[in-house]
Amino acid sequence: MTAICLVGIGKIAVDQHVPAIGGSADWELAATVSRAGSVDGVQSFTDFDQMLSERPDIPVISLCLPPVPRYDYAAKAIAAGRHVMLEKPPGATLAEVYALADMAHAAGVSLYTTWHSRMAKGVAPAKAWLADKTVTGVHICWKEDVRRWHPGQDWVFAPGGMGVFDPGSNALSIITEILPMPIHLRSAELFFPENRDTPIAAHMQWTQNVTGDFDWRQEGPQSWDITVETTTGTLSLHDGGARLLIDGNEVAAGADREYPALYDRMAELVKTNASEVDLSPMLHVADALTLGKRNVVAAFHF
Ligand code: NAP
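Values in this document were obtained by computation on a predicted structure and should not be read as measured data. (Residues numbered from 1 in each chain as written. Predicted model: local features only at pLDDT ≥ 70, side-chain atom pairs only at ≥ 80, totals over all residues. Heavy atoms only, no water.)

### Some words on the sheet that holds strand β15 (residues 293-297)
This is how it is decided: For two strands to pair, DSSP has to find at least two bridges joining them. By definition, any uninterrupted DSSP run of H or I lasting at least four residues is a helix, any uninterrupted run of E lasting at least two residues is a strand, and each is numbered from the N terminus. For helices, the fitted axis covers only the stretch in contact; all axes are lines through C-alpha atoms, and the angles between them, taken along N-to-C directions, range from 0 to 180 degrees. Residues count as neighbours in contact if any of their non-hydrogen atoms are within 4.5 Å of one another.
Taken in spatial order, the 9 strands of this open sheet run β14-β13-β12-β11-β7-β10-β9-β8-β15, and their pairing is mixed. Two strands lie at the open edges of the sheet, namely β14 (249-252) and β15, each paired on one side alone. Sheet twist, expressed as the average angle between the axes of neighbouring strands with direction ignored, equals 15°. In this sheet, β15 lies alongside strand β8 (residues 185-193) in parallel orientation, the contact comprising 5 bridges. Note that in β15 the partner of E189 across the bridge is K293. The sheet strands contacting helix α9 (residues 280-291) are β8, β9 (201-206) and β15, and the helix crosses β8 at an angle near 75°.

### Brief notes about the environment of P90
This is how it is decided: Only protein chains enter the accessibility calculation, which uses a 1.4 Å probe; a residue is then buried when its area is under 20% of its type maximum, exposed when over 50%, and partly exposed in between.
Along the polypeptide, P90 turns up in the loop between β5 (83-86) and α4 (94-107). Classification of P90 as buried rests on a relative accessible area of 2%. Ignoring sequence-local partners within four residues, the contact set of P90 consists of R70, V97, T113, W115, L279 and M282.

### Observations regarding the domain arrangement of the protein chain
When the parts come together, some accessible area is lost, and that loss is often what is quoted as the size of the interface. Applicable threshold: What counts as a domain boundary in this text is fixed by an automatic or database domain assignment. Two parts placed together each lose some accessible area under a 1.4 Å probe, and adding up what both lose gives the buried area. The salt bridge definition used is simple: a Lys or Arg side-chain nitrogen within 4 Å of an Asp or Glu carboxyl oxygen. In protein, a polar contact means a hydrogen-donor-capable atom and an acceptor-capable atom, both N or O and within 3.5 Å, with residues adjacent in sequence counting only if both atoms are side-chain atoms; elsewhere, any N or O pair within 3.5 Å suffices. Three categories are distinguished: nonpolar for Ala, Val, Leu, Ile, Met, Phe, Trp, Tyr, Cys and Pro, charged for Asp, Glu, Lys and Arg, and polar for the others, with Gly belonging to the last.
When cut into domains, the protein chain gives domain 1 (2-113) and domain 2 (117-254 + 285-297). On a C-alpha basis, the centroid separation for the pair domain 1 and domain 2 is 27 Å. Facing the 10 residues of domain 1 at the interface are 14 residues of domain 2. Each partner contributes to the roughly 790 Å² buried at the junction of domain 1 and domain 2, and carbon and sulfur atoms together form 66% of this total. Summed over the three residues of domain 1 that lose the most area to domain 2, namely K11, K88 and P89, the buried surface amounts to 52% of that side. A salt bridge links D166 to K88; its shortest N-O distance comes to 3.3 Å. On inspection of domain 1 and its partner domain 2, the count reaches 2 residue pairs in polar contact (both at pLDDT 80 or more). Considering only residue class, the side of domain 1 that touches domain 2 consists of 7 nonpolar, 1 polar and 2 charged.

Next comes the structure, spelled out in structure tokens:
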């Protein structure tokens, strides 16, 4: 088993990372770094530098912090010769992630920009089915309740938090994986609460008749759906990629193992001394924030 340190013990660390590591034969959770959080039975630090100097035996660091603070931790970890796994979206800017990739390459360590939704059960079979198809249109409907998934997390509405593109990047990670052709954004409408710095909703139109609606104000049933029309049939992904239907027939369904699969992949990267750095989902986020028309909507309070 390889020792790993988890940094940023918040919602996603507790919900997904701790159980995924605990259920894996590859990993041993050897330490945590967090100012407020900890995991029972695991050595906890509040200071990252102290952990790096006191635990040279831990070769892998998994960063579950929000994107803005993440770069400084990743740069320090790489400088200390550790392999690094980044939660999505991998950074606050594209350039900082490219810089991390260069640093990791120079240091001879692995860097993994994880995209958990790509590990959803329906995504690989969707990609395989679409590989030889001619796509005529795509629609993404990604509508969830920010109060439920990011309770009280003001960072999502602060600069660099990306607003609705935080969950929207999950949809973008799927379409950049499954579509057999490149697309680029043609227009976007962004909706900013009057008291916030990032959008709470967005409508987007890409080339190749690809459209998307992201909304963080969805109460009741949540929608994480992608529909792909082709000249020979319709493919749809639901539940964030966990369910796949082709022409209405269920192809893949059931429980997902998104985070366990991310840790399997990290074990493989470390073993083979390789990195996986894919910024294509974030490229579309940056394009939407660059090209999008800004509209102001009602103030949002948690
Ligand atoms: P979170 O609970 O707000 O933050 C995680 C932890 O990061 C916090 O508990 C905090 O720990 C630490 N942190 C926050 N701001 C910091 C700062 N400025 N400097 C240092 N540490 C800081 O957020 P989360 O929901 O877990 O999300 C973290 C990442 O996971 C995001 O990139 C998000 O997109 C991704 N993610 C979230 C979800 C979800 O459903 N929430 C799902 C998939 C992926 P301490 O205060 O204890 O240091």
